[in-house]
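Spelled out from the first residue to the last, the chains are:
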Amino acid sequence: METQHFSYDNKIVKYFAYATILWGVVGMLVGLLAALQLAFPVFNFNLEYTTFGRIRPIHTNAVIFAFVGNGIFAAVYYSLQRLLKARMFSDKLSWVHFWGWQAIIVSAAITFVLGITTSKEYAELEWPIDIAITIIWVVFGWNMFGTILRRRADHLYVSIWFYIATFVTVAVLHIGNSIELPYSWIQSYPVYAGVQDALVQWWYGHNAVAFFLTTPYLGLMYYFLPKAANRPVYSYRLSIIHFWALVFLYIWAGPHHLLYTALPDWAQSLGVVFSIMLIAPSWGGMFNGLLTLRGAWDKVRDSATLKFMVVAVTAYGMSTFEGPMMSLKWVNSLTHYTDWTIAHVHIGAMGWNGFLTFGMLYYLFPKMWKTKLYSEKLANAHFWMGTLGMIFYALPLYWGAVVQTLMWKEFTPDGLLAYPNFLETITQILPMYHVRVLGGLLYFASLFLMVYNLLKTAASGKCADNEEASAPALHSPKKREKGEGLHRWLERKPIQFMILSTVAILIGGAFEIIPTYLIKSNVPTIESVKPYTPLELQGRDIYIREGCNTCHSQMVRPFRSETERYGEYSKAGEFVYDHPHLWGSKRTGPDLARTGVPGGKMYKTNVWHYNHMLDPQKMNAQSIMPKYPWLIKDELDISSTPAKIRAMTTLGVPYDEAPYPANYDQVANDDLKKQAQEIAADLNANGIDVTSDKEIIALIAYLQRLGRDISVKE
Amino acid sequence: METFTLTFFLSTLNLLSMKLVSHYLQGISDVGFFPSISLLIFFLFFAGMVWWAFKKSNKAYFVQMESYALDEDDMDSSEINNN
């Protein structure tokens with residue numbers, strides 16, 4: 001057969017690898033800042049740009065999409081070319097992909113600092129950036145499929161199945177969750193409201209973990225682990241079974257993020273059942289990774305690369321066991337809203353993604369620069385320091401979570417909450433937040449050992465931008481050959497493979513989401529629930545801008561410990577006008593769903609809110625909430641009111657029905673000013689010098705609205 | 001191709017049946033059979049796949065694919081032969 005000569009594009013891999021390192025440093029530095037802010041609120045710097053509510057999404061997005069994202073692309077661009085014996089389809093597409101992705105990361109950081117956010121976790125980016133992501137993702141897919149179609153090796157190795165599943169599913173998830181209606185050139189409201197928005201968001205959120213942090217990294221594992229260990233994969237059969245089971249099952253499990261919320265019970269059960277079943281395929285992957293090293297464990301002792309990979313795969317096994325356990329309803333009733341979740345995701349992010357990335361980089365640099373790793377000793381030091389960092393990060397949080405959740409739920413013999421003041425439960429675990437900073441610092445500092453080591457390695461060798469290679473031309477019979485198994489045939493049919501994996505994920509997605517639309521009884525209507533007033537709507541957008549939902553949930557679960565603390569439990573019908581939902585996923589502060597109920601357990605006066613936003617530490621010396629002085633002095637921008645009202649009307653909020661006058665968008669600001677004056681008058685009467693045109697007035701209006709609708713006596 | 005056709009058929013059937021019965025569902029609050037159907041679909045899918053993966057005729061091919069990622073230059077031939 002004719003031998004063809006070609007070259008691998010190493011330059012693009014090199015750039016993605018450098019970007020991985022750079023964004024890793026940035027993302028973890030911001031994470032360190034976030035950890036510091038929770039331990040010492042002074043690190044919020046009293047600036048609107050640097051409060052925890054804005055810093056936290058920068059950290060999560062930087063680690064997920066910038067650090068891990070570039071790691072995925074480095075791995076795909078390196079392994080795909082070699083597994084297919086072909087250069088990437090188009091150098092142009094490669095570079096558009098590279099620079100496009102970096103531009104998205106930078107614009108994400110800028111918009112988050114400015115408070116431009118949709119509030120939906122891991123999907124906080126606004127609509128223009130969402131469109132850019134879609135375009136760049138298509139460029140990536142186009143380049144990948146182009147390469148696959150021009151391949152010289154007939155069969156698609158297991159890594160490539162995972163890359164294909166990643167590509168299609170992330171596309172489906174991103175588009176599905178980002179359907180939003182713009183009300184300005186940069187901002188929008190999601191088309192979904194309340195329960196539906198929550199379900200779609202966690203269908204996305206959970207599968208961002210599955211198809212951005214897991215499947216591409218399994219593909220990476222299947223390529224780099226055998227390479228680094230120089231051992232064949234333990235079982236190809238197992239890889240087939242666990243691949244299909246994983247892509248089929250993962251997509252169903254999203255509702256486990258919403259247990260005991262106002263989400264319908266059937267959807268919650270669906271989430272639990274499939275989460276438990278997920279253990280099997282996840283552990284299939286873990287065993288396949290670890291058993292690849294059978295008979296070669298002596299190599300692990302000598303190689304830092306393998307050490308990183310072994311701990312990564314073990315962390316994967318731990319997280320994928322812990323995750324399903326956390327989705328059991330009774331476990332979830334304890335762990336949800338606590339730091340347990342934060343510890344859990346960090347075992348995944350630091351252990352699985354971080355360590356596998358480091359392992360890959362330690363393998364890639366000597367390989368591409370055709371030299372030896374500068375210092376195995378330094379790499380070992382990195383490994384131990386990183387491992388210690390991870391332990392010091394996670395253990396205090398697990399401990400703190402248990403302490404806090406038990407405090408939340410403890411009653412006195414008289415049947416009263418033992419710790420009625422939420423702040424007590426935070427103060428109690430604050431030392432754990434301090435230790436967590438230390439863990440994060442260790443992990444972060446260990447990165448620099450790698451940076452130095454890899455730069456030295458690169459300096460001692462030379463990376464050919466184009467690596468010469470040769471392979472026989474592709475000979476691929478069109479039809480299934482005699483005796484050729486079905487999957488074996490499928491493995492050389494990329495298009496069919498892609499369609500089949502798309503079908504596998506769509507079934508789960510359809511089952512979860514379509515019934516929520518079809519079944520009216522899922523979201524019972526509550527007569528007394530009315531749309532927000534224009535001032536409340538503006539206040540709500542300030543709440544979103546400041547990322548209040550990062551620390552405050554708006555979802556009282558039906559437990560006595562919660563109804564005693566917060567008030568009546570939350571119902572699906574309360575959220576029908578909430579574009580987006582603001583249920584939250586973590587309680588660093590108390591739940592706010594009932595904070596506007598007069599005479600309720602959470603009720604506070606306008607004056608209290610004013611003083612509290614100005615300086616929380618003045619109200620409670622122990623509070624770890626940031627100060628928000630700019631809300632007091634900044635004027636509320638009411639020019640956006642008509643556009644916001646129009647957008648909400650389009651989304652089905654009945655501002656176009658009685659009692660609202662026709663063209664309500666044009667007169668909405670009259671209502672806004674009237675309500676603002678009432679609140680300002682109340683504040684003035686209580687000795688606070690404030691005018692009605694400030695942002696704080698709108699925020700107070702919104703907070704005083706929370707839970708008020710269903711407290712109305714009919 | 002069989003699996004493909006079967007899965008495609010099943011998913012179409014799901015969507016179709018969901019449309020047909022949706023107006024009955026609207027009246028009831030208990031739609032707990034959704035998880036059950038889902039479980040059944042997955043079980044059939046999974047059982048079919050495991051049956052196929054354990055067919056004897058695939059064995060030699062699997063052994064070959066297990067070493068696929070290792071280039072010739074990476075291979076230690078004695079190691080491969082011993083396993």
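None of these values were measured; they are calculated from a predicted model.

Asks: I'd like a rundown of the overall build of chain B, residues and numbers included.
Replies: Per the secondary structure count, chain B includes four helices and zero strands. Moving toward the C terminus, one meets the helices and strands of chain B in the order α-α-α-α. Within chain B, the proportion of its 83 residues that are buried is 31%. Roughly 5,500 Å² of accessible area belongs to chain B as shown, and the carbon and sulfur atoms make up 67% of that amount.

Asks: Can you explain the overall build of chain A? Please cite residues and give values.
Replies: Along the backbone of chain A there are 25 helices and four strands. By the compact-globule yardstick of 27 Å for 714 residues, chain A fits well, its C-alpha radius of gyration being 26 Å. C-alpha extents for chain A along the principal axes are approximately 90 × 50 × 45 Å. Relative to its 714 residues, chain A shows a buried fraction of 66%.

Asks: Report on the domain arrangement of chain A, specifying residues and quantitative values.
Replies: All names here are of chain A. Assigned domains of chain A: these are domain 1 (9–464 + 491–512) and domain 2 (534–711). Domain 1 and domain 2 are separated by 33 Å when their C-alpha centres are compared. Taken together, the contact pairs 61 residues of domain 1 with 55 residues of domain 2. Where domain 1 abuts domain 2, roughly 4,700 Å² becomes buried across the two surfaces, and 65% of that area is made up of carbon and sulfur atoms. For the salt bridge of Lys586 with Asp339, the shortest nitrogen-to-oxygen distance reads 3.5 Å. Counting across the domain 1 and domain 2 interface gives 15 residue pairs in polar contact (both at pLDDT 80 or more).

Asks: An account of helix H9 (residues 279–291) of chain A is needed here, citing residue identities and associated values.
Replies: Residue and element names in this part refer to chain A. Taking 1.5 Å of rise per residue, 13 residues should cover 18 Å, and H9 covers 17 Å from first to last C-alpha, within 8% of that figure. Among all positions of H9, only Ile279, Pro281, Ser282, Gly284, Gly285, Met286, Asn288, Gly289 and Leu290 are buried. Buried-residue contacts for H9 involve helix H6 (194–229), helix H7 (236–250), helix H8 (265–277), helix H10 (297–302) and helix H11 (304–326).

Asks: I'd like a rundown of the UniProt feature "domain: Cytochrome c" (unreviewed entry) in chain A, residues and numbers included.
Replies: Those places that UniProt annotates as "domain: Cytochrome c" (unreviewed entry) correspond, in this numbering, to residues 534–707 of chain A. Overall, residues 534–707 of chain A shows 45% helix and 0% strand. The separation of its end C-alpha atoms is 17 Å.

Asks: Residue-level account of the environment of A:Lys120, with values.
Replies: Residues and elements named next belong to chain A. The residue Lys120 is located in the loop between helix H3 (91–113) and helix H4 (127–149) in this model. Residue class for Lys120 comes out buried when judged on its relative accessible area of 4%. As for Lys120 and Glu568, which are separated by 448 residues in sequence, their C-alpha atoms are 25 Å apart. Not counting the four nearest positions on each side in its chain, Lys120 is found in contact with Asn177, Pro190, Tyr192, Asp197, Gln201 and Pro580.

Asks: Just give me the short version of the packing of helix H18 (residues 534–545) of chain A against helix H23 (residues 641–650) of chain A, but keep the residues and values in it.
Replies: Residues and elements named next belong to chain A. Look at H18 against H23: their axes get within 11 Å of each other, and the N-to-C directions meet at 95 degrees. With respect to their mutual orientation, H18 and H23 come out roughly perpendicular. Residue-level contacts link Pro534, Leu537, Gln538 and Asp541 of H18 to Thr641, Lys644, Ile645 and Met648 of H23. Looking at the contact of H18 with H23 residue by residue, the classes come out as four nonpolar, two polar and two charged.

Asks: Give a description of the packing of aromatic side chains that names residues and reports values.
Replies: Overall, the coordinates contain 73 aromatic pairs over all chains when judged by the stated rule. Their ring planes at 75 degrees and their centres at 6.5 Å tell us that A:Tyr15 and A:Trp99 sit as a pair that is edge-to-face. Here the residue A:Tyr15 occupies a position in helix H1 (residues 10–39), and A:Trp99 occupies one in helix H3, the gap between them amounting to 84 residues. Overall, A:Tyr15 belongs to the partly exposed group, its relative accessible area being 30%. An angle of 70 degrees between the planes, with centres 6.0 Å apart, marks the rings of A:Tyr18 and A:Phe365 as edge-to-face. Within this pair, whereas A:Tyr18 is found in helix H1, its partner A:Phe365 is found in helix H13 (residues 339–368), the two being separated by 347 residues in sequence. The lysine or arginine in question, A:Arg237, covers the ring of B:Phe54, its NZ or CZ lying 4.5 Å from the ring centre.

Asks: How would you summarise the nonpolar core if you had to cite specific residues and measurements?
Replies: Residue and element names in this part refer to chain A. Residues Trp101, Phe224, Trp244 and Phe358 are the most contacted members of the largest nonpolar core, which totals 197 residues. A total of 21 residues in this core trace back to one element, the largest contributor, which is H6. Summarising the domain contributions, this core has at least three residues from each of domain 1 (9–464 + 491–512) and domain 2 (534–711). One finds Val529, Tyr532, Ala680 and Leu683 within the second-largest nonpolar core, a separate group that totals 47 residues.

Asks: An account of a nonpolar patch on the surface is needed here, citing residue identities and associated values.
Replies: All names here are of chain A. Together, Phe45, Leu47, Tyr49, Val106, Ile110 and Leu114 give the surface a local cluster of nonpolar side chains, amounting to about 540 Å² of exposed area. Within the fold, Leu47 resides in the loop between H1 and helix H2 (52–84). Judged by its relative accessible area of 44%, Leu47 falls in the partly exposed class.

Asks: Please set out the side chain of A:Asp9 residue by residue, giving values where relevant.
Replies: Residue and element names in this part refer to chain A. Looking at where Asp9 falls in the secondary structure, it is placed in strand E1 (residues 3–9). Note on Asp9: relative accessible area 2%, which makes it buried. At a separation of 3.3 Å, a polar atom in the side chain of Asp9 contacts the main-chain amide nitrogen of Ile12. Among residues more than four places away in sequence, those in contact with Asp9 are Gln81, Arg87, Asp91, Asp465 and Asn466.

Asks: Could you give an account of empty space enclosed by the protein, with specific residues and numbers?
Replies: Residues and elements named next belong to chain A. With the rule as written, the count across this model stands at eight cavities of 30 Å³ or more. In this structure, the second largest cavity occupies an estimated 200 Å³ of space. Lining of the second largest cavity is provided by 17 residues; of these, Tyr532, Glu574, Arg705, Leu706 and Gly707 occupy positions nearest its centre. Taken together, the residues of the lining of the second largest cavity break down into seven nonpolar, three polar and seven charged.

Asks: Pulling in residues and values, what's your account of unusual backbone geometry?
Replies: Residues and elements named next belong to chain A. Between His579 and the following residue, Pro580, the backbone shows a cis peptide bond with an omega angle of -5 degrees. Structurally, Pro580 can be placed in the loop between helix H19 (560–565) and helix H20 (606–614). Looking along the chain, the bond that leaves Ala658 and enters Pro659 is cis, with omega of 5 degrees. With respect to the element layout, Pro659 can be found in the loop between H23 and helix H24 (664–685). The phi torsion at Phe45 lies on the positive side, around 60 degrees, for a residue other than glycine. Locating Phe45 in the fold gives a position in the loop between H1 and H2. A positive phi angle is found at Lys85, which is not glycine, with a value near 55 degrees. When you line up the elements, Lys85 lands in the loop between H2 and H3.

Parameters at a glance
- Residues numbered from 1 in each chain as written.
- Chains lettered and ligands numbered in written order.
- Predicted model: local features only at pLDDT ≥ 70, side-chain atom pairs only at ≥ 80, totals over all residues.
- Heavy atoms only, no water.
- Helix = DSSP H or I, 4+ residues; strand = E, 2+ residues; numbered from the N terminus.
- Buried < 20%, exposed > 50% of the residue type's maximum accessible area, 1.4 Å probe, protein only.
- Areas by Shrake-Rupley, 256 points an atom, 1.4 Å probe, with all protein chains shown as cover.
- Rg over C-alpha atoms; globule rule 2.2 N^0.38 Å.
- Domains from an automatic or database assignment.
- Contact = heavy atoms within 4.5 Å.
- Buried area = accessible area lost by both parts, 1.4 Å probe.
- Salt bridge = Lys/Arg side-chain N within 4 Å of Asp/Glu carboxyl O.
- Polar contact = N/O pair within 3.5 Å; in protein donor to acceptor, adjacent residues only side chain to side chain.
- Expected span 1.5 Å × (residues − 1).
- UniProt positions renumbered as here; feature names shortened; annotations may be inferred.
- Axes fitted to C-alpha atoms, helices over the stretch in contact; angles between N-to-C directions.
- Parallel < 35°, antiparallel > 145°, perpendicular 65-115°, else oblique.
- Nonpolar A, V, L, I, M, F, W, Y, C, P; charged D, E, K, R; others polar.
- Phe/Tyr/Trp six-rings, centres within 6.5 Å; stacked < 30°, edge-to-face > 60°.
- Lys NZ or Arg CZ within 6 Å of the ring centre and 35° of its normal.
- Core = buried A, V, L, I, M, F, W, Y, C linked by side-chain atoms within 4.5 Å.
- Patch = residues over 30% accessible without salt bridge, like charges linked within 9 Å, V, L, I, M, F, W, Y side chains within 5 Å.
- 1 Å grid on protein atoms, 1.4 Å probe; cavity = no way out; pocket = protein on both sides within 12 Å on 5 of 7 lines; lining within 4 Å.
- Points joined across faces, edges and corners; volume = space filled by probe spheres on them.

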